[in-house]
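Below are the chains, spelled out letter by letter.
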Amino acid sequence: MDNISLVLADDHPLLLEGLYTALKSKGFNILGKANDGSSVLKLINELNPQIAILDIEMPQMDGLSVAKYCMENGYETKFIILSYHKETEFIARAKSLNLSGYLLKEDALVEIELCIQKVMAGEQYYSKAFHLKDVSKAQTSLDRLESLTPSERKILKLIAVNRSTREIADILFISERTVEKHRSNIIQKLDLNGKLNGLITWVLHNKHLLN
């Protein structure tokens, strides 16, 4: 594993040290480690590792923000996120960023080597604890979101920040009737018909996918 270069970041010292020790013992080339987002971003920028393994929640910049910044700016590093979150919306957010891996922290030491191997082979890897239906559900949510037109996405973003129909109409220079028509189309495309407060509930759980 000497040819696979890594950087690690987690704000929990024991987990970070445990992961570092485990990967070092397996022969991985660990270029550096950090306990916050800004520090690991600096390491990635300076050392250009093949893989960065990042805690989803860290001071200064969270792992998803670090990954998003690097991917938007053409970094070649692949990203594996470590998280305690099992909820579908977190899987969806990871998939929306096209991250290479998403590991639950409870599984990290057991599955990390296999995850790295899959990532280096060009595959995506999610913790085995996730049911296939959860990953599929996350992908379906993303596919439905992708089906929205640019105008519908603008309106959905404004709904996400609690803008009323009248406010949305004023901001976009369209009629309230047009806003309601777009809202109806959004509900249909997201398969929310017949669900009480379905659109508001969807926005609350998926607001992060709109960025």
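These numbers come from a predicted model, not from an experiment. Residue positions are given per chain, counting from 1 as you read along its sequence in written order. At least 70 in pLDDT is required for a residue's local features to be given in this predicted model, at least 80 for side-chain atom pairs to be given and counted, and no such filter applies to totals for whole chains, interfaces and linings, which use all residues. Here the side-chain values reflect all heavy atoms present in the structure, with hydrogen atoms and water set aside.

Right, let's talk about the overall build of the chain for a bit. We count a stretch as a helix when DSSP gives it H or I for four or more residues in a row; a strand needs E for two or more, and each element gets its number in order from the N terminus. Secondary structure summary: the chain contains 10 helices and six strands in total. In terms of overall dimensions, the chain has a C-alpha envelope of 65 × 35 × 30 Å along the principal axes. Each of the 211 residues in the chain was classed as buried or not, and the buried ones make up 45%. Look at the contacts in the chain between residues 6 or more apart in sequence, and 63% of them connect residues 24 or more apart. For the accessible areas, the method is Shrake-Rupley and the probe is 1.4 Å, while residue cover comes only from the protein chains on display. For the chain, the accessible surface area stands at approximately 11,200 Å², while carbon and sulfur atoms represent 49% of it. For the purpose of counting charges, residues Lys and Arg are taken to be positive, whereas Asp and Glu are taken to be negative. His and the chain ends are not included. A charged residue contributes its charge at one atom only: NZ of Lys, CZ of Arg, CG of Asp or CD of Glu. In the chain, 26 side chains carry a positive charge and 27 a negative one; their mean positions are 6 Å apart. Buried means the residue's accessible area, taken with a 1.4 Å probe over protein chains only, is under 20% of the maximum for its type, while exposed means over 50%, and partly exposed covers the values in between. The criterion used for residue contact is that any of the two residues' heavy atoms lie within 4.5 Å.

Once that is clear, we can look at the confidence of the model for the chain. You can read pLDDT as the predictor saying how much it trusts each residue, on a scale of 0 to 100. Confidence in the prediction for the chain averages 86 pLDDT; 92% of positions are at 70 or higher. The secondary-structure element of the chain with the lowest mean pLDDT is helix α6 (residues 132-146), recorded at 69, while strand β1 (residues 5-9) shows the highest, at 95.

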